[in-house]
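As a plain string of letters, each chain reads:
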Amino acid sequence: MRIPAFLTVVILLLTTSVSCIREESFENTPQGNFEALWQMMDERYCFFEYKHQEYGLDWDEVYSRYASLITSDMPSKGLFEVLGNMLAELRDGHVNLYSNYDVARYWKWYEDYPANFNDSIIRNYLGTDYKIAGGCKYTILDDNIAYVRYASFASGIGNGNLSDMLNELAFCNGLILDVRDNGGGMLTNAQRLAARFTNEEVATSYMCHKTGKGHSDFSSPEAVKITPSDGIRWQKPVALLTNRSSYSATNDFVNAMRQFPLVTVIGDRTGGGSGMPFSSELPNGWAVRFSACPTYGPDMEPLEFGISPDIRVDMTSEDMARGLDTIIEVARKRLGGR
Amino acid sequence: MNRRITLFLCVLCAMFHLSAQTVGEDVARPIVRSTMYGVGSINLYDTYLSPVEYSGTQVRVLRESIRMTRWMEGHVSRQTLFQGYLAAAENVAGTSSELAGMVNWNYALHYNWYLADKRLCLSAGPMMQAHGGFTYNTRNGNNPAQARLYANLAASGMAQYHLPWKCCPLTFRYQVDLPFLGVMFSPQYGQSYYEIFSLGHSDGTVVFTSFHRQPTLRHWFTADLQFRRFTLRLGYMADMQQARVNALRSHDYSHTFMIGLVHNLASF
């Protein structure tokens, strides 16, 4: 049979037209790493428009200002400092630059405010015979108020843990849930815990993501719903304690909990951090973290710079001198304890 | 988009239906099966994980079966190809690594033209491909991995040349497979897997692909050395998988040198 000539032509055309898919690459030089970082943020960071409204962030102006500081012979540590300072312009605790010798960060969202938490004083309340369920430590205070401390949502908690813990605390008059200094972790842990405090499904927040490289290229926000747990659910008043170091997944947890009728948020404003961070890297191997997927409140209000409590309380030096935690004491009174 | 995906699935079903047809004639039909093992280099790139390319080593296994059918006066052969690889790669700076794995199943029907006193055989036909795998970046946080799931219709071409040397008969083969239509899973540009799987926000994660979005090529060369009781197969494969979907870019370039054994059977 005669070979169809077109077969050969088609195969040749197809094989020669397969072009490589690559991105614009930057050289591993101070200038190349600077350009790579600026462009990465420009294309993938999710809060440019919001932060322009809040404090006039202009990322192009940031480029001009920092590009002049880059020289071809600058040492690695000098470059790290300049790039770290450039990222700090974003005022975002989820934005970091990681080298072997340091982590560039912006932590003013809690460093510039009262700590409102003292680990030594917490021991006065937890004692030494507290119980542990997953990531939670819990005890019953002498006025029959339950005290639960969840220090990090990076520590897991299972539905079995939660049911047994709430069953143990069922006879208490109220529950203090302390998420101060909880810098976040797994959203799924936070949502599993929140599901124990609502009897109906609630759309607590909205989440979206970038769909392209433009500053306003976002998907339609979709509801994040907290569905009531099938296990034991808490039906009594709750005081949720927060401070400036309640950040990231904890900020999301506070946003959900504040919408449940039996919950009162007491303490200081949360630190915020409502953008789920993604990771990337520079040509020289330094890792980069940045906010990628923004979360909004139930009325589409930004949560990036934190959530105000229902009752604003600071720890006082007088109480601290007496070994008391002012915020816990206010919560106890609120729940009908002391 | 849904109509295109439905059309694509219909074409796949038609290929299956065709393969299920048989003609009842008692003529011996050769079956060639081989299993090859290989090692080679790989270059991984996925802008969902990193803007930097990762280079490393991969090990691969390839299982192939070619069976002559009775269709179209015995000119049609059926090829099934299964391959899988595992790879480990590092960025240029050596500060981060990626692990990758992929299994790939292919089913092709080739029409064969015999030339030069049947020493040369040229083949061409459609191929169906299904791929499943992952790339895992060991350093990333909320975007640690990328799932690779896609299916394609491809054009497949093959050339075989047989040298009937008495001492050691040789058969050379070159095959090229070019996908031109398919569906692929991909998160959106900045979408997290938490949104897709924990919240169920999966709109736009299954996309239609064609040559401009997935300019992919796999070609390979084998040499069969027939000794008295067995046939040794040596091979080289260049597998150039790449895609440009949802504003994300990825590629997976591998070069593999393989060795294995061939079993020649006959079916009635």
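What you are looking at is a predicted structure, and each value in this text was computed from that prediction instead of being measured. (Residues numbered from 1 in each chain as written. Chains lettered and ligands numbered in written order. Predicted model: local features only at pLDDT ≥ 70, side-chain atom pairs only at ≥ 80, totals over all residues. Heavy atoms only, no water.)

Colleague: Can you walk me through the overall build of chain B in this structure?
Modeller: Across its full length, chain B holds three helices and eleven strands. When the helices and strands of chain B are read in sequence order from the N terminus, they spell out α-β-β-α-β-β-β-β-β-α-β-β-β-β. Long-range contacts, defined as pairs at least 24 residues apart, comprise 65% of the intrachain contacts of chain B with a sequence gap of at least 6. Element-wise, carbon and sulfur atoms account for 63% of the exposed surface of chain B, whose accessible area totals about 12000 Å². (Helix = DSSP H or I, 4+ residues; strand = E, 2+ residues; numbered from the N terminus. Contact = heavy atoms within 4.5 Å. Areas by Shrake-Rupley, 256 points an atom, 1.4 Å probe, with all protein chains shown as cover.)

Colleague: Looking at this structure, how should I read empty space enclosed by the protein?
Modeller: Residues and elements named next belong to chain B. Tallying each qualifying case throughout the model produces four cavities of 30 Å³ or more. As a volume, the largest cavity reaches approximately 210 Å³. Contributing to the lining of the largest cavity are 20 residues, with Asp46, Arg148, Met184, Ala243 and Ser250 lying nearest its centre. Elements with a contribution of two residues or more to the lining of the largest cavity: β6 (145-163), β7 (170-185), β10 (231-245) and β11 (248-267). The element best represented in the lining of the largest cavity is β11, accounting for five residues. (1 Å grid on protein atoms, 1.4 Å probe; cavity = no way out; pocket = protein on both sides within 12 Å on 5 of 7 lines; lining within 4 Å. Points joined across faces, edges and corners; volume = space filled by probe spheres on them.)

Colleague: Teacher, can you tell me more about the layout of surface pockets here?
Modeller: Taking a probe equal in size to a water molecule and rolling it over the atoms shows the remaining empty space. The space that makes up the largest pocket amounts to roughly 750 Å³. Val32, Gln160, His162, Thr171 and Asn264 of chain B are the residues nearest the centre of the largest pocket, which is lined by 30 residues in total. Here the element with the most residues in the lining of the largest pocket is β6 of chain B; it accounts for four residues. Looking at the lining of the largest pocket residue by residue, the classes come out as 14 nonpolar, eleven polar and five charged. Counted as a void, the second largest pocket has a volume near 640 Å³. For the second largest pocket, the lining is made up of 33 residues, of which Gly185, Ser248, Ala249 and Pro277 of chain A together with Asn142 of chain B are closest to its centre. For the lining of the second largest pocket, the elements supplying multiple residues, two or more each, are α6 (108-111), α9 (187-194), β7 (202-207), α10 (249-257), β11 (275-281) and β12 (287-296) of chain A together with α3 (193-198) of chain B. Class assignment for the residues of the lining of the second largest pocket results in 13 nonpolar, 18 polar and two charged. (Nonpolar A, V, L, I, M, F, W, Y, C, P; charged D, E, K, R; others polar.)

Colleague: Would you take a moment to explain unusual backbone geometry for this structure?
Modeller: Outside of glycine, negative phi angles account for most residues, and trans bonds account for most peptide bonds. The phi dihedral of Glu73 of chain B falls on the positive side, at around 60°, and the residue is not glycine. Note on placement: Glu73 of chain B falls in helix α2 (residues 71-74).

Colleague: How do you make sense of the packing of helix α2 (residues 30-44) of chain A against helix α4 (residues 59-67) of chain A when you look at a structure like this?
Modeller: The description of two packed helices rests on the angle between their axes and on the distance between the axes. Residue and element names in this part refer to chain A. The geometry of α2 relative to α4 is characterised by a closest axis approach of 11 Å and an angle of 170° between their N-to-C directions. It follows from the interaxial angle that α2 and α4 lie roughly antiparallel. Facing α2, whose interface residues are Phe34, Glu35, Trp38, Met41 and Asp42, α4 presents Trp59, Asp60, Tyr63, Tyr66 and Ala67. By residue class, the composition of the contact of α2 with α4 is seven nonpolar, no polar and three charged. (Axes fitted to C-alpha atoms, helices over the stretch in contact; angles between N-to-C directions. Parallel < 35°, antiparallel > 145°, perpendicular 65-115°, else oblique.)

Colleague: I keep staring at the interface of chain B and chain A and nothing clicks. Help me out?
Modeller: Many authors give the size of an interface as the accessible area that is lost as the parts come together. Contacts between the two partners involve 51 residues from chain B, matched on the other side by 45 residues from chain A. Interface of chain B and chain A: buried area, both sides summed, is about 3900 Å²; carbon and sulfur atoms make up 60% of it. The largest contributions to the chain B side of the interface with chain A come from Trp113, Tyr189 and Tyr194 of chain B, which together make up 18% of the buried area. For the pair chain B and chain A, the interface holds one salt bridge. The residue Glu281 of chain A makes a salt bridge to Arg139 of chain B at a minimum N-O spacing of 3.2 Å. Those elements giving two or more residues to the side of chain B that touches chain A turn out to be β1 (29-46), β2 (50-68), β4 (97-115), β5 (120-137), β7, α3, β10 and β11 of chain B. For the side of chain B that touches chain A, a count of residues per class yields 23 nonpolar, 22 polar and six charged. (Buried area = accessible area lost by both parts, 1.4 Å probe. Salt bridge = Lys/Arg side-chain N within 4 Å of Asp/Glu carboxyl O.)

Colleague: Is there a simple way to explain the packing of aromatic side chains in this structure?
Modeller: Residue and element names in this part refer to chain A. Enumeration over the complete set of coordinates arrives at 24 aromatic pairs over all chains. Consider the rings of Phe34 and Tyr63, whose centres lie 5.4 Å apart with planes at 40°: the pair is tilted. Taken together, the residues Phe34 in helix α2 and Tyr63 in helix α4 connect sequence positions 29 residues apart. For the pair Tyr45 and Phe48, a centre-to-centre distance of 5.2 Å together with 75° between the ring planes defines the contact as edge-to-face. By relative accessible area, Phe48 is classed as buried at 4%. Three or more aromatic residues joined by ring pairs form one cluster here, namely Phe34, Trp38, Tyr45, Phe47, Phe48, Tyr50, Trp59, Tyr63 and Phe305. We note Lys77 situated over the ring of Tyr101; from NZ or CZ to the ring centre the distance is 5.1 Å. Above the plane of the ring of Trp107 lies Arg105, whose end atom (NZ or CZ) is 5.0 Å from the centre. (Phe/Tyr/Trp six-rings, centres within 6.5 Å; stacked < 30°, edge-to-face > 60°. Buried < 20%, exposed > 50% of the residue type's maximum accessible area, 1.4 Å probe, protein only. Lys NZ or Arg CZ within 6 Å of the ring centre and 35° of its normal.)

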